[in-house]
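Residues per chain, in single letters:
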Amino acid sequence: MSKWLNPRSAFGITLIVVALLALPFVAAMGGQAWVRILNFAILYVFLALGLNIVVGYAGLLDLGYIAFYAVGAYTYALLASPHFGLHWPFWVILPIGALVACFFGVILGSPTLKLRGDYLAIVTLGFGEIVRIFMNNLNAPINITNGAQGITLIDPVAIGDFKFSTTSQILGISMSGPQKYYYLLLALVILVIIINLRLQNSRVGRAWQAIREDEIAAKAVGINTRNLKLLAFAMGASFGGVAGGVFSAMQGFVSPESFSLIESIMILAMVVLGGMGHIPGVILGAVLLSILPEALRYGVGPIQMAVFGKMLVDPESLRMLIFGLALVLVMRFKPAGLWPSPERKRELSDAGAGNG
Amino acid sequence: MDIFLQQIINGLVQGSIYALVALGYTMVYGIMGLINFAHGEVVMIGTLVTISVAGFLIKAGMPVIFAGLAGLTVSVLVCMALGWGLERVAYRPLRNAPRLTPLITAIGMSIVLQNVAMIIWGRNYLTFPPLLPSVAFEFGGAHFTAVQVIIVLVSALTMGGLLFLVYRTKLGMAMRATSQNPAVASLMGVNINRVIAAAFIIGSALGALAGIMVGTYYEIAHYQMGFMLGLKAFTAAVLGGIGNLAGAMLGGILLGLIEALGAGYIGDLTGGFLGSHYQDIFAFLVLIVVLMFKPSGLFGEKTGDRA
């Protein structure tokens with residue numbers, strides 16, 4: 001811990017903390033929409049870190065991660081909305097959401113442990129689709145999920161009378177709903193980062209890395225690969241569940257549309273683009289990929305108007321086009337991700353032909 | 001019994017389309033161990049190009065049959081070029097990169113192609129010009145059309161041709177050698193780059209054919225149609241054992257049959273609890289169950305240790 005006391009790093013940390021605390025007020029100058037974008041960026045960091053446990057640490061390619069997010073979101077939505085007339089408090093539901101998602105993670109994990117690489121990928125993908133299809137259709141004969149319309153009027157997070165959804169005065173500063181959610185999310189994500197950091201160097205984390213590098217060798221040195229792979233699925237899933245609960249409360253609305261395959265793919269892209277298995281890289285990837293499409297949304301249309309005087313190309317497709325190109329180009333020139341872990345970088349330059 | 005026969009016919013037709021698309025996935029996977037996520041988009045482009053070319057020629061007064069053939073030729077050529085371009089731009093530079101890297105470029109290319117298609121063809125559904133006469137037959141209480149018969153026949157012929165190419169020609173031998181061991185194959189004088197490019201080009205041509213079949217069958221096309229089709233076809237390829245040509249064909253047909261029968265009988269099986277909108281679940285459930293017992297697909301060889 002001594003490096004934390006070094007005056008230069010202490011200064012750096014203070015700077016980061018101040019910047020993070022001030023960020024929602026800076027963003028609010030551009031409108032509350034930017035605060036929401038910021039909140040989603042943090043939510044994606046949360047999700048990407050959860051998926052990083054499965055993909056980055058344990059090396060299990062999961063293309064259905066969004067299913068756990070969906071399970072968490074629906075758990076919250078059902079237990080805190082007029083749909084069933086239940087209004088349980090936030091803290092009670094969040095752990096329940098994590099547990100339910102964890103349970104689903106084990107359900108998915110246990111039959112698929114034998115599978116390797118791309119076979120696992122397609123099965124997880126199928127699982128994600130199954131969950132989404134059920135959410136889309138479980139409105140008949142018993143209406144559980146309200147089908148494609150989704151569930152509305154979900155309770156916001158509240159601590160006693162202090163509601164996170166409305167503007168209120170705190171210490172003489174007026175804070176909007178999204179700004180309050182920002183601090184809540186920030187606190188949660190810091191917790192997740194700490195858990196991730198501790199996991200990375202723990203006995204479990206090292207065992208995961210051993211499984212990732214060579215499963216047979218890992219088994220040979222006495223690592224219980226079955227339980228550890230299940231644990232990776234379960235932990236990743238629980239993080240997804242918690243993130244889903246927060247999403248549900250923040251949006252006040254969930255529908256199956258938010259949990260399509262493309263979302264799973266986006267989160268995987270965040271992990272890989274940032275630098276698989278490396279926490280700062282994953283955070284960077286998540287922030288970039290969640291902000292970029294939004295920034296393009298605000299940038300592409302006006303720039304076209306300014307340059308050509310009219311809309312030449314539908315801005316919505318142009319922005320996704322640029323986004324897709326960015327994915328290709330980054331991977332083309334930074335195959336190990338934008339910010340890979342030092343060891344991984346070394347492995348790649350040593351081996352030339354690396355495989356993960 | 002007539003429902004059963006009807007669903008078998010529908011399943012065969014859908015299955016042959018899946019099989020053709022699945023071959024594109026499996027060829028690329030067999031040779032370079034890469035999931036070409038953009039393959040569904042190649043199929044979509046094949047359909048849309050045919051709509052534009054054939055539609056234009058029919059409007060210009062050309063007989064339908066020639067317009068259709070011209071549309072087919074142009075669309076196959078465009079898709080071949082596209083497949084070749086994809087390999088050059090998105091995959092070749094990353095051949096020695098970590099395994100997940102080309103997966104992300106594939107996804108990037110898929111997003112790019114979808115949006116290019118949306119810019120060119122717009123976001124509305126397009127109607128596919130009727131290229132084949134709509135003749136209907138009846139057999140044992142089940143109805144089927146000339147289109148369905150032709151789809152099954154053409155895909156069977158194409159698959160036969162592909163098997164001939166892979167098992168009876170020099171290029172096929174080079175492909176099989178590369179899929180077993182690229183380094184040794186290249187020592188034996190096989191030009192790996194050309195073999196990989198050939199796999200992409202042939203796979204894309206099959207994709208274009210499949211796209212045209214989808215168009216004639218459903219008479220409708222859309223810039224997002226490639227996504228679900230690609231997903232199903234990929235599922236079919238994995239079901240059969242990815243990298244295995246016969247596996248992809250049988251997997252495709254099997255998936256088509258399972259879906260059709262599933263959609264036909266799911267209501268009866270669950271006492272009306274689940275309706276036919278659960279059709280998509282069947283494909284994935286069967287896949288999960290099959291892989292639980294045969295972890296490398298129905299006909300796949302044991303995969304290596306590339307986690």
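Because the structure is a prediction, the values reported are computed rather than measured.

1. Comments concerning the overall build of chain A
Thinking step 1. Helices and strands together make up the secondary structure of chain A, namely 13 helices and 6 strands.
Thinking step 2. In terms of overall dimensions, chain A is globule-like: its C-alpha atoms have a radius of gyration of 21 Å, near the 21 Å expected for 356 residues.
Thinking step 3. For chain A, with 356 residues in total, the buried portion stands at 52%.
Thinking step 4. The long-range fraction of contacts in chain A, counting pairs at least 24 apart against all pairs at least 6 apart in sequence, stands at 70%.
Thinking step 5. Summed over all atoms, the accessible surface of chain A reaches about 15,700 Å², with 68% contributed by carbon and sulfur.

2. What to know about the overall build of chain B
Thinking step 1. Scanning chain B for helices and strands turns up 11 helices and 4 strands.
Thinking step 2. If you line up chain B on its principal axes, its C-alpha atoms span 60 × 55 × 35 Å.
Thinking step 3. Here chain B, with 307 residues, has 53% of them falling under the buried criterion.
Thinking step 4. Counting contacts in chain B only where the partners sit at least 6 residues apart, residues at least 24 apart contribute 77% of the total.
Thinking step 5. Summed over all atoms, the accessible surface of chain B reaches about 12,900 Å², with 68% contributed by carbon and sulfur.
Thinking step 6. Where the 14 positive side-chain charges of chain B centre and where its 10 negative ones centre are 19 Å apart.

3. Here we look at the environment of B:Gly264
Residues and elements named next belong to chain B.
Thinking step 1. Relative to the assigned elements, Gly264 resides in helix α10 (residues 245-269).
Thinking step 2. Note on Gly264: relative accessible area 25%, which makes it partly exposed.
Thinking step 3. Between the C-alpha atom of Gly264 and that of Gly40, which follows or precedes it by 224 residues, the distance is 26 Å.

4. With respect to the interface of chain A and chain B
Thinking step 1. Listed by partner, the interface residues are 51 residues for chain A and 54 residues for chain B.
Thinking step 2. Counting the surface chain A buries against chain B, the share from its top three residues, A:Asp118, A:Tyr119 and A:Ile122, is 15%.
Thinking step 3. At the boundary of chain A and chain B, one finds 0 salt bridges.
Thinking step 4. Taken together, the elements giving at least two residues each to the side of chain A that touches chain B come down to α5 (117-137), α10 (261-274), α12 (315-333) and α13 (342-351) of chain A.

5. Let's talk about the pairing of strand β2 (residues 136-139) of chain B
Residue and element names in this part refer to chain B.
Thinking step 1. As paired elements, β2 and strand β3 (residues 142-145) share 4 bridges and run antiparallel to each other. Directly across from Phe139, in β3, lies its bridge partner Ala142.
Thinking step 2. Taken together, β2 and the strand that follows it, β3, pair antiparallel across an intervening segment of 2 residues, in which Gly140 is found at a positive phi of about 55°.

6. Overview of the packing of helix α2 (residues 32-57) of chain A against α10(A)
Residues and elements named next belong to chain A.
Thinking step 1. At a minimum axis separation of 9 Å, α2 and α10 run at an interaxial angle of 75°. On the basis of their axis angle, the class for α2 and α10 is roughly perpendicular. Contact residues: Tyr44, Leu47, Ala48, Leu51, Asn52 and Val55 in α2; Glu263, Ile267, Leu268, Met270 and Val271 in α10.
Thinking step 2. Of the residues that constitute the contact of α2 with α10, the class distribution is 9 nonpolar, 1 polar and 1 charged.

7. Observations concerning the nonpolar core
Thinking step 1. Core analysis: the biggest nonpolar cluster contains 196 residues, and A:Leu43, A:Val254, A:Phe259, A:Leu268, A:Leu327, B:Leu23 and B:Met175 have the highest contact counts within it.
Thinking step 2. With residues up to four places along the chain from it excluded, the contact list for A:Leu43 reads A:Tyr69, A:Leu185, A:Ala243, A:Val246, A:Phe247 and A:Met250.
Thinking step 3. By size, the runner-up hydrophobic cluster in this structure holds 5 residues, among which are A:Leu296, A:Val300, A:Leu321 and B:Val112.

8. Overview of the domain arrangement of chain A
All names here are of chain A.
Thinking step 1. Domain parsing of chain A yields domain 1 (1-30) and domain 2 (34-275).
Thinking step 2. Between the C-alpha centres of domain 1 and domain 2 there is a distance of 27 Å.
Thinking step 3. Contact residues are listed per partner, giving 8 residues for domain 1 and 10 residues for domain 2.
Thinking step 4. Together, the buried faces of domain 1 and domain 2 total about 780 Å²; carbon and sulfur atoms form 74% of this surface.

9. Things to note about a nonpolar patch on the surface
Residues and elements named next belong to chain A.
Thinking step 1. Among the surface-exposed residues, Trp88, Trp91, Val92, Ile159 and Phe162 lie close enough to one another that they form a single nonpolar patch of about 460 Å² accessible area.
Thinking step 2. Among the secondary structure elements, Ile159 is positioned in strand β3 (residues 158-159).
Thinking step 3. With relative accessibility at 39%, the residue Ile159 sits in the partly exposed group.

10. Comments concerning the pattern of salt bridges
All names here are of chain B.
Thinking step 1. Taken as a whole and assessed by the stated rule, the structure comprises 6 salt bridges over all chains.
Thinking step 2. Ionic pairing is found between Glu87 and Arg95, a salt bridge with its closest N-O pair at 2.8 Å.
Thinking step 3. Given a relative accessible area of 0%, Glu87 falls into the buried group.
Thinking step 4. Notably, a salt bridge pairs Lys232 with Glu259, separated by 3.0 Å at the nearest N-O pair. With Lys232 in helix α9 (residues 225-240) and Glu259 in helix α10, this residue pair connects regions lying 27 residues apart in the sequence. The burial state of Lys232 is the same as that of Glu259; both residues are buried.

11. Re the confidence of the model for chain A
Residue and element names in this part refer to chain A.
Thinking step 1. Averaged over all residues, the pLDDT of chain A equals 85, while 94% of them reach at least 70.
Thinking step 2. Across chain A, the element-wise mean pLDDT spans from 68 in α13 up to 93 in helix α3 (residues 66-79).
Thinking step 3. Residue range residues 352-356 is modelled with pLDDT below 50. Its contacts to residues more than four positions away, or to other chains, number 10 contacts.

12. With respect to helix α1 (residues 2-32) of chain B
Thinking step 1. Taking 1.5 Å as the rise per residue, α1(B) with 31 residues should run 45 Å; its terminal C-alpha atoms sit 44 Å apart, in good agreement.
Thinking step 2. Burial analysis of α1(B) places 22 of its 31 residues in the buried class, which makes it a mostly covered element.

13. Some points on unusual backbone geometry
Thinking step 1. One non-glycine residue with positive phi stands out, namely A:Asn146, at about 60°.
Thinking step 2. Here A:Asn146 lies in the loop between α5 and β3.
Thinking step 3. For A:Asn146, a relative accessible area of 22% puts it in the partly exposed group.
Thinking step 4. Despite not being glycine, B:Glu219 shows a phi value in the positive range, around 60°.
Thinking step 5. With respect to the helices, strands and loops of the structure, B:Glu219 is situated in the loop between α8 (192-218) and β4 (220-221).
Thinking step 6. Overall, the relative accessible area of 51% leaves B:Glu219 in the exposed class.

Cut-offs and rules
Residues numbered from 1 in each chain as written. Chains lettered and ligands numbered in written order. Predicted model: local features only at pLDDT ≥ 70, side-chain atom pairs only at ≥ 80, totals over all residues. Heavy atoms only, no water. Helix = DSSP H or I, 4+ residues; strand = E, 2+ residues; numbered from the N terminus. Rg over C-alpha atoms; globule rule 2.2 N^0.38 Å. Buried < 20%, exposed > 50% of the residue type's maximum accessible area, 1.4 Å probe, protein only. Contact = heavy atoms within 4.5 Å. Areas by Shrake-Rupley, 256 points an atom, 1.4 Å probe, with all protein chains shown as cover. Lys, Arg positive; Asp, Glu negative; His and termini not counted. Charge placed at Lys NZ, Arg CZ, Asp CG, Glu CD. Buried area = accessible area lost by both parts, 1.4 Å probe. Salt bridge = Lys/Arg side-chain N within 4 Å of Asp/Glu carboxyl O. Pairing = 2+ DSSP bridges. Axes fitted to C-alpha atoms, helices over the stretch in contact; angles between N-to-C directions. Parallel < 35°, antiparallel > 145°, perpendicular 65-115°, else oblique. Nonpolar A, V, L, I, M, F, W, Y, C, P; charged D, E, K, R; others polar. Core = buried A, V, L, I, M, F, W, Y, C linked by side-chain atoms within 4.5 Å. Domains from an automatic or database assignment. Patch = residues over 30% accessible without salt bridge, like charges linked within 9 Å, V, L, I, M, F, W, Y side chains within 5 Å. pLDDT = per-residue confidence, 0-100. Expected span 1.5 Å × (residues − 1).

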